[in-house]
Amino acid sequence: MSSIQNDPSKQSVTREIAYVRAMGAVDHTLRASANLGVYEFILLLLEQGEPGLPLYATLDRVKSRYTTRSGMIKRIAELRKQGLLIERKGKKQSEVLLQPSQELVDQLLPILGIRGDAQRANHSGVTLCQIPDESKEMKISTILSADTTSSLTLSRQA
């Protein structure tokens, strides 16, 4: 194994360690990421924003091969019972739309920022909200704070 002590990839490894530790430190994110296929499913939902995505169509978009489809459905059902995934009615009576709960979003988005910037250790103010504008598109507004004196506001379009 080669040493990466002085290699630029060390920062990537350090960020990944911080990411993994942060995901495991909070109950909701731990539950959401325990199965990597389901975690990809949740990230697809998060990417969409409101009003959510159809369950089976979204499962078809999951490319991770960590579990079977039936295993993912069982895990998603558990997350729905725990209140981490919110169910909404779709256009059709049989269609179920899912989206992450606001609580899960509040805990997950700051952790995702760890991968992009190792300096973002303390996070606050993450919300999934409808921002009124002409296009009425869903936006995820994230306020990340590295310390008490400076903050960075990001707005990502979902």
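Model, not experiment: these values are computed from the prediction. (Residues numbered from 1 in each chain as written. Predicted model: local features only at pLDDT ≥ 70, side-chain atom pairs only at ≥ 80, totals over all residues. Heavy atoms only, no water.)

Glancing now at the overall build of the protein. The helix and strand tally for the protein stands at six helices and six strands. Counting from the amino terminus, the protein carries its helices and strands in the arrangement α-α-α-β-α-α-β-β-α-β-β-β. Among the 158 residues that make up the protein, the fraction classed as buried is 34%. Taking the contacts inside the protein whose residues are at least 6 apart along the sequence as the reference set, 46% of them involve residues at least 24 apart. Total accessible area on the protein is roughly 9,800 Å²; 51% of this is exposed by carbon and sulfur atoms. (Helix = DSSP H or I, 4+ residues; strand = E, 2+ residues; numbered from the N terminus. Buried < 20%, exposed > 50% of the residue type's maximum accessible area, 1.4 Å probe, protein only. Contact = heavy atoms within 4.5 Å. Areas by Shrake-Rupley, 256 points an atom, 1.4 Å probe, with all protein chains shown as cover.)

Next up on the list: the sheet that holds strand β3 (residues 96–100). The three strands are arranged β1-β3-β2 in an open sheet whose pairing can be described as antiparallel. The open sheet terminates on both sides in strands that have one partner only, identified here as β1 (53–54) and β2 (85–89). Of the pairings in the sheet, the one linking β1 to β3 comprises two bridges and is antiparallel in character. Bridge pairing in β3 links Leu-53 to Leu-98. Contacting β1, β2 and β3, helix α3 (residues 36–48) crosses the sheet at an angle of about 90 degrees to β3. (Pairing = 2+ DSSP bridges. Axes fitted to C-alpha atoms, helices over the stretch in contact; angles between N-to-C directions.)

Okay, the packing of α3 against helix α5 (residues 69–81) next. Two numbers describe how α3 lies on α5: the axes approach to 9 Å, and their chain directions differ by 60 degrees. Taken together, the axes of α3 and α5 lie oblique to each other. The two elements α3 and α5 cross, and the hand of that crossing is right-handed. For the pair α3 and α5, contact is made by Gly-37, Val-38, Phe-41 and Ile-42 and by Met-72, Arg-75, Ile-76 and Leu-79, respectively. A class-by-class count of the residues in the contact of α3 with α5 yields six nonpolar, one polar and one charged. (Parallel < 35°, antiparallel > 145°, perpendicular 65-115°, else oblique. Left-handed = near helix turned anticlockwise from the far one by under 90°. Nonpolar A, V, L, I, M, F, W, Y, C, P; charged D, E, K, R; others polar.)

A residue-level look at the protein finds 68% of positions with pLDDT of 70 or above and a mean pLDDT of 74. Per-element mean pLDDT across the protein ranges from 32 in strand β5 (residues 139–144) up to 95 in α5. Across residues 118–158 the pLDDT falls below 50, and counting only partners more than four positions away or on other chains, this stretch makes 77 contacts in the model. (pLDDT = per-residue confidence, 0-100.)

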